[in-house]
Amino acid sequence: MFSSAVRDRLIARYREPHRRYHTLAHVTDCLAQAAASTDLTTGQRDLLETALWFHDAIYDPSRRDNEAESARLAREELTADGATEDHVAEVERLVGLTAGHAADAADVLGARMVSIDLSILGAGPAVYDSYVRGVRQEYGHVPEKEWRAGRQAVLQRFLDSPQLYPDPAWAARFEARARANIARELDSLRG
């Protein structure tokens, strides 16, 4: 995958004090889902795990280019660590998919990457509510009225999409609960 020095730098990033949801705990949960992906080859799982390590490495809620910057960091770190260009390019691509949270179901790794990143939406209500509180704390600099409008727009886009999870197994497991969580949060934002 990558060296312990790269891992240590990533861990330090995920422990930045402004993070409340996009933390090492989020990455650990994502990595556990990747490790349980027994349908993937060892090489595919390595690519997925590496991309998951990097996908939120750069996280500044006041910026709109976090995913692009995380992909850039992955390229820099992995190249310096001796990864092949093909490996680096695929990790970079996978990290980039988390910006729009969209992938074709035929793109096995892309669909899995997006689905794992969105799995929190399909968590049980208490875990989902904790996620929402964490994200709100990360966006504490945004006034409440603007937060509500922006969050409603994001959630409505999710609800309007024909399918949240491009990976069929994640869709079967999380889709219905995710839609219920999102609808419940939307109601609370509008109320």
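Draft legend 1. Local environment of the overall build of the chain. The helix and strand tally for the chain stands at nine helices and zero strands. From first element to last, N terminus to C terminus, the chain shows the α and β order α-α-α-α-α-α-α-α-α. Over its C-alpha trace the chain gives a radius of gyration of 16 Å, about what one expects of a compact globule, namely 16 Å for 191 residues. Looking at the chain as a whole, 46% of its 191 residues are labelled buried. Taking the contacts inside the chain whose residues are at least 6 apart along the sequence as the reference set, 62% of them involve residues at least 24 apart. Of the roughly 9300 Å² that the chain leaves accessible, carbon and sulfur atoms contribute 55%.

Draft legend 2. View of the nonpolar core. Core analysis: the largest hydrophobic core is formed by 54 residues, its most contacted members being W53, F54, L121 and Y165. Once you skip the residues sitting within four places of it in the chain, Y165 turns out to touch S115, L118, S119, L121, G122, W170, A171, F174, E175 and A178.

Draft legend 3. Representation of the side chain of S119 in the model. Among the structural elements, S119 can be located in the loop between α6 (108–117) and α7 (125–138). Discounting residues that sit within four places of it in the chain, S119 has contacts with D29, Q33, Y165, W170 and F174.

Draft legend 4. Structural detail: the side chain of E185. Mapped onto the fold, E185 is located in helix α9 (residues 168–190). Relative accessible area serves as the criterion here: at 6%, E185 is assigned to the buried category. Residue contacts for E185: discarding those within four places in its chain leaves Y128, V132, R151 and L155.

Draft legend 5. Spatial organisation of the layout of surface pockets. In this structure, the largest pocket spans a volume of roughly 1300 Å³. Lining the largest pocket are 43 residues, and of these E67, H101, Y139, V154 and R157 lie nearest its centre. Put simply, the parts of the chain that give the lining of the largest pocket at least two residues each are α4 (66–80), α7 and α8 (144–160). A total of eight residues in the lining of the largest pocket trace back to one element, the largest contributor, which is α8. Of the residues belonging to the lining of the largest pocket, the class tally is 22 nonpolar, 13 polar and eight charged. By volume, the second largest pocket amounts to about 210 Å³. Taken together, 14 residues line the second largest pocket, and the ones lying closest to its centre are D29, Q33, S119, I120 and A123. A per-class count over the lining of the second largest pocket returns five nonpolar, five polar and four charged.

How each quantity is defined
Residues numbered from 1 in each chain as written. Predicted model: local features only at pLDDT ≥ 70, side-chain atom pairs only at ≥ 80, totals over all residues. Heavy atoms only, no water. Helix = DSSP H or I, 4+ residues; strand = E, 2+ residues; numbered from the N terminus. Rg over C-alpha atoms; globule rule 2.2 N^0.38 Å. Buried < 20%, exposed > 50% of the residue type's maximum accessible area, 1.4 Å probe, protein only. Contact = heavy atoms within 4.5 Å. Areas by Shrake-Rupley, 256 points an atom, 1.4 Å probe, with all protein chains shown as cover. Core = buried A, V, L, I, M, F, W, Y, C linked by side-chain atoms within 4.5 Å. 1 Å grid on protein atoms, 1.4 Å probe; cavity = no way out; pocket = protein on both sides within 12 Å on 5 of 7 lines; lining within 4 Å. Points joined across faces, edges and corners; volume = space filled by probe spheres on them. Nonpolar A, V, L, I, M, F, W, Y, C, P; charged D, E, K, R; others polar.

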